[in-house]
Amino acid sequence: MDAPTPPQTKSWNPPVMDNGVFAHFVFDQLEGRSNASGTRFRWDGEGWVGNDFNRLWVKSEGFVDGSSMSDGDHEFLYDRPVPRMSYFDAQVGVRTDLDSDPHRIWAAIGIEGLAPYEFEFAPTFYIRNDGRVAGRIEGAYSFRLRQRLVLEPQAEVNLYSKDDPARKIGSGFSDIDGGLRLRYEVSRKFAPYVGYTYEGAYGNSATYQRQAGDSTHASSFVFGIRVWK
């Protein structure tokens, strides 16, 4: 028996080059933090513009307490996927400490992405022209309790190589900012939340804050919204 004749090859259209430019931003924290000392406003957000391989990131966080701003740092980073590391991007750029205290500028290099089990992980290394170095480790995880109800623990740790008394920063393990937030997603892009946060300063950072009359440990009730686009 003769072999069946293979079907005639169809002429396909050329592939679509899907590498357009997109933009995204998210504010994980737009919140008030209330305790016995009063209420402060906290923001923590980031966004990017670019394609799948080249992106410009902007990150910003800080506190506003009355007429003063503290812990304000803003990063401008170039971002590119890390070869052979799925779900992680390498980032390099500049961090500016810009608030009511003396300003500082750092070079920044780090990675950001999803570790196994979808744990958000972002360690970053900073260096200044006077030889000072610093490190920051950020992590968060989203437990989806219900379709719209999400519990998110989050933490940020900062370390410095040298004292910077003008900014009330001590060398070594300087401070931690952690929280537990329960949010209800009215939509995927808008979610009000309530929760608890802890801020702690350690070592010389705690000494400088005590000398300035500030608290070295603070537990707060928080309320806010998480938005993204």
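Above this text sits the structure in question.
Residues numbered from 1 in each chain as written. Predicted model: local features only at pLDDT ≥ 70, side-chain atom pairs only at ≥ 80, totals over all residues. Heavy atoms only, no water.

This part is about the side chain of Arg-42. Within the element layout of this structure, Arg-42 appears in strand S2 (residues 38-50). Among the polar contacts listed, one links the side chain of Arg-42 to the side chain of Gln-29, at a separation of 3.2 Å. (Helix = DSSP H or I, 4+ residues; strand = E, 2+ residues; numbered from the N terminus. Polar contact = N/O pair within 3.5 Å; in protein donor to acceptor, adjacent residues only side chain to side chain.)

So, about the packing of aromatic side chains. The final tally for this structure, using the stated rule, is 7 aromatic pairs. On the basis of an interplanar angle of 70 degrees and a centroid distance of 6.5 Å, the ring pair of Trp-106 and Tyr-126 is categorised as edge-to-face. Of this pair, Trp-106 sits in strand S6 (residues 104-115) while Tyr-126 sits in strand S7 (residues 119-127), and the two are 20 residues apart along the sequence. When sorted by exposure, Trp-106 lands in the same class as Tyr-126, which is buried. Among the aromatic residues, those joined into a ring-pair cluster are Trp-106, Tyr-126 and Tyr-160. Above the face of the Phe-63 ring, Arg-42 is positioned so that its terminal group lies 4.7 Å from the ring centre. (Phe/Tyr/Trp six-rings, centres within 6.5 Å; stacked < 30°, edge-to-face > 60°. Buried < 20%, exposed > 50% of the residue type's maximum accessible area, 1.4 Å probe, protein only. Lys NZ or Arg CZ within 6 Å of the ring centre and 35° of its normal.)

What follows concerns a nonpolar patch on the surface. Nonpolar side chains collect at one region of the surface, where Phe-143, Leu-145, Leu-182, Val-194, Phe-221 and Phe-223 lie side by side and expose about 520 Å² of accessible area between them. With respect to the helices and strands, Leu-182 occurs in strand S11 (residues 172-184). A residue is classified by how much of its surface remains accessible, and Leu-182, at 33% relative accessible area, is partly exposed. (Patch = residues over 30% accessible without salt bridge, like charges linked within 9 Å, V, L, I, M, F, W, Y side chains within 5 Å. Areas by Shrake-Rupley, 256 points an atom, 1.4 Å probe, with all protein chains shown as cover. Salt bridge = Lys/Arg side-chain N within 4 Å of Asp/Glu carboxyl O.)

Attention now goes to the pattern of salt bridges. Pairing is possible between side chains that carry opposite charge, provided their charged atoms lie close to one another. Evaluation of the coordinates by the stated rule reveals 24 salt bridges. Arg-33 is paired through a salt bridge with Glu-31; the nearest N and O atoms lie 2.8 Å apart. Arg-33 gets classed as buried once you look at its relative accessible area, which sits at 1%. With its nearest N and O atoms 3.2 Å apart, the salt bridge here joins Arg-42 to Asp-71. Note that Arg-42 is positioned in strand S2 and Asp-71 in strand S4 (residues 68-81), a separation of 29 residues in sequence. Classification of Asp-71 by relative accessible area gives partly exposed; the value is 31%.

Take it as geometry only, folks, not as evidence of what the structure does.
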